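In case you want the letters, here they are:
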Amino acid sequence: MTMIEAIREAHDVAMAADDKVVVYGEDVGFFGGVFRCTAGLQEKYGKSRCFDAPINESGIVGTAIGMAAYGLKPVIEIQFADYVYPAYDQIVSEAARLRHRSNGDFTCPIVIRMPTGGGIFGGQTHSQSPEALFTHVSGLKVVMPSNPADAKGLLLASIADPDPVIFLEPKRLYNGPFDGHHDKPLVSWKKHPLGDVPDGSDAVPLGKAKIRREGADLTILAYGTMVYVAEAAVAETGIDAEVIDLRSLMPLDLETIVASVQKTGRCVIVHEATRTCGFGAELMSLVQESCFYHLEAPIIRVTGWDTPYPHAQEWEYFPGPARLGEALNKVMED
Amino acid sequence: MAARKSTKKTNVSADELLQFYRDMLLIRRFEEKAGQLYGMGLIGGFCHLYIGQEAVVVGLEAAAEEGDKRITSYRDHGHMLACGMDAGGVMAELTGREGGLSKGKGGSMHMFSKEKHFYGGHGIVGAQVPLGAGLAFADKYLDNGRVTFTYFGDGAANQGQVYETFNMAAIWDLPVVFVIENNQYAMGTAQARSTSTPDIYTRGEAFGIPGEAVDGMNVLSVKEASERAVAHCRAGKGPYILEVKTYRYRGHSMSDPAKYRTREEVQKMRSERDPIEQVRDMLLTGKHASEDDLKAIDKEIKDVVNEAADFARTSPEPGLEELWTDIYA
Ligand SMILES: Cc1ncc(C[n+]2csc(CCOP(=O)(O)OP(=O)(O)O)c2C)c(N)n1
Ligand SMILES: [Mg+2]
């Protein structure tokens, strides 16, 4: 199934299991979401459990926090990650901090889902990757699946989680894997092994990375769309790299990362988001702190540029296999 | 501060009617062409057409004077054409070319013109509303008699910052006309599913801002109401709200098949209330123009639009260095 169907199924499983789960957002109820991730839920569970919200992100997140403090489990959609900024205050000052400042009396088990990332000609207001704005905030968890099976399992884990989870969905992956070769036809998830999504209610635990490809010479840390870019770059350069899909940025599976870099001695980090203070900067510090004596070359980050996400030059901005491949070669030569 | 409905007809000259016809037709044909270029893959990403809403901006512009400002959302092509921005420059921005009004940096949703006092297209719903009040603040500060037309949609009308702005505009008596383009839908959500009041302009009462609902399919009604709103602002009486009831014929954007409403609903609007057809009828029945006159105008407009499309196709891609310009001074 596609990632969209997998996300819908996770909602369905969670709503069937627990009537405290409520789902809402802009166009989410009647229409089933602009990407169709909540299609059919209103028919099945009724308007009190899956419904439309007005266009007011701050209100959407703020009401979810109140519901959660009182025991409901809201799973809300921000239509694109680019629209979350009006809600940023509620997320940072309220959702993330409620548990601490109430000394644990009140908590905020909400999931805020949002399509993220580029590759769809969305320009500056429909392509951003704001993960670092959330990983920087203590009290938030931040998750990004790269395939349908993980999307279902991680969303179930996020809904079950007792704390606020920012659930970032790489929208370029909704219908199929994308390796950055934008001129090639779309491959459907239906023809990809990770499109086989297990039935049932098994969660994929937060904080566990997945090694997508084992390798001896170099470690690539990736998440979201960049997992496929990494696989393509490895195939094209022929370098025996280990590709790690982080899946969850906070909590982070440092153990898997460190074991891999200590084995390979080289590390390249790739993300779509802008470079300065991106999540790659944090990864680089952690790897350096934990693996310094095992490193045989400086760590390299391959990222989006420090510019607004472009309208006209998307493929210059988007870190594709060619740019990543160059970095892989460089790290091997260093 | 009772709101009133506009009912009476404006006296309008034949020349003015012809101009309305031209201006609305230009928007319609431009948008149809943009839709075609999109279908051909020359325009990508997000592209929101204004087809059906032409009378709103054309009626509003009829009340504008040199130096008045306008600011709107991402559904902005019509506003730019109506205030006289170059059709080729708009189309080339859609195709992301060097000749585009933002040199390919903005795309369909983000264009600007100092010369025409157009402060943009803005992609984030509601974000332009406080900016519009800021522009009006500057006019008031300069005491220059100008007004700002701040456009937003029925969906945007639920963003909190709209009401923060209403309050500020009211306490500071800002010369701003808030134009709510109520096309009954915010993406796939019908107004009644998201909005507490059927008449959004009535929300202004809570802030002491007068307003009214206007038939947005009739350019003359829009013009008449706009004149009232502008006179109010220019007289120093503070903001005014026009809720212009309109309809978009196409999907929310090019990627929206609009399955949330019926074909019949759209068809009814098109056949009974089309703003361009209404003016066409007035022109013909009033004997202000013949079929041949109108054909000549159609041809003229077709040429302008084709030229814009050719420009948008042939203007070169912006250089890569443009990615790095205009981020800082
Ligand atoms: C802050 C924000 N939230 C959501 C969106 C996505 N979005 C774009 S347009 C739109 C509907 C807006 O409807 P309305 O204000 O009625 O304007 P219309 O499109 O009808 O012209 C939505 C939800 C956005 N661009 N920005
Ligand atoms: Mg609308």
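Residues numbered from 1 in each chain as written. Chains lettered and ligands numbered in written order. Predicted model: local features only at pLDDT ≥ 70, side-chain atom pairs only at ≥ 80, totals over all residues. Heavy atoms only, no water.

## Details of the site of ligand 1
Working step 1: Around ligand 1, a shell composed of 20 residues is seen, among which Glu57 of chain A together with Tyr74, Arg75, Asp154 and Asn183 of chain B lie nearest.
Working step 2: Around ligand 1 the close residues trace back to chains A and B.
Working step 3: Contacts to ligand 1 include Arg75 of chain B, whose side-chain N or O atom sits 2.8 Å from an oxygen atom.
Working step 4: With respect to ligand 1, the backbone of Val125 of chain B contributes an N or O atom lying 3.0 Å from a nitrogen atom.
Working step 5: Here ligand 1 loses 97% of its free accessible area of 580 Å² to cover by the protein chains.
Working step 6: A class-by-class count of the residues in the shell around ligand 1 yields nine nonpolar, seven polar and four charged. (Near = heavy atom within 4 Å. Polar contact = N/O pair within 3.5 Å; in protein donor to acceptor, adjacent residues only side chain to side chain. Areas by Shrake-Rupley, 256 points an atom, 1.4 Å probe, with all protein chains shown as cover. Nonpolar A, V, L, I, M, F, W, Y, C, P; charged D, E, K, R; others polar.)

## Structural notes on the interface of chain B and chain A
Working step 1: In this complex, chain B contributes 33 residues to the contact, which on the side of chain A involves 28 residues.
Working step 2: The contact between chain B and chain A buries some 2500 Å² in all, and 66% of this surface belongs to carbon and sulfur atoms.
Working step 3: The tally of links between chain B and chain A comes to one salt bridge.
Working step 4: Here Arg193 of chain B makes a salt bridge to Asp52 of chain A, at a shortest N to O gap of 3.4 Å.
Working step 5: Counting only elements with at least two residues in the side of chain B that touches chain A, the list comes to helix 4 (87–94) and helix 7 (191–194) of chain B.
Working step 6: In the side of chain B that touches chain A, the residues fall into 14 nonpolar, 15 polar and four charged. (Contact = heavy atoms within 4.5 Å. Buried area = accessible area lost by both parts, 1.4 Å probe. Salt bridge = Lys/Arg side-chain N within 4 Å of Asp/Glu carboxyl O. Helix = DSSP H or I, 4+ residues; strand = E, 2+ residues; numbered from the N terminus.)

## Concerning the pairing of strand 7 (residues 240–245) of chain B
Residue and element names in this part refer to chain B.
Working step 1: With five of its six residues buried, strand 7 lies for the most part within the structure.
Working step 2: Note: strand 3 (residues 176–182) against strand 7, six bridges, orientation parallel. Paired with Glu181 across the two strands is Val244, which belongs to strand 7.
Working step 3: Pairing analysis gives five bridges linking strand 6 (residues 211–215) to strand 7, with the strands arranged parallel. Opposite Gly211, over in strand 7, you have Ile241 as the bridge partner.
Working step 4: Regarding topology, helix 8 (residues 219–234) serves as the crossover connection from strand 6 to the parallel strand 7, and that connection is right-handed. (Buried < 20%, exposed > 50% of the residue type's maximum accessible area, 1.4 Å probe, protein only. Pairing = 2+ DSSP bridges. Right-handed = clockwise from strand over helix to strand, strands pointing away.)

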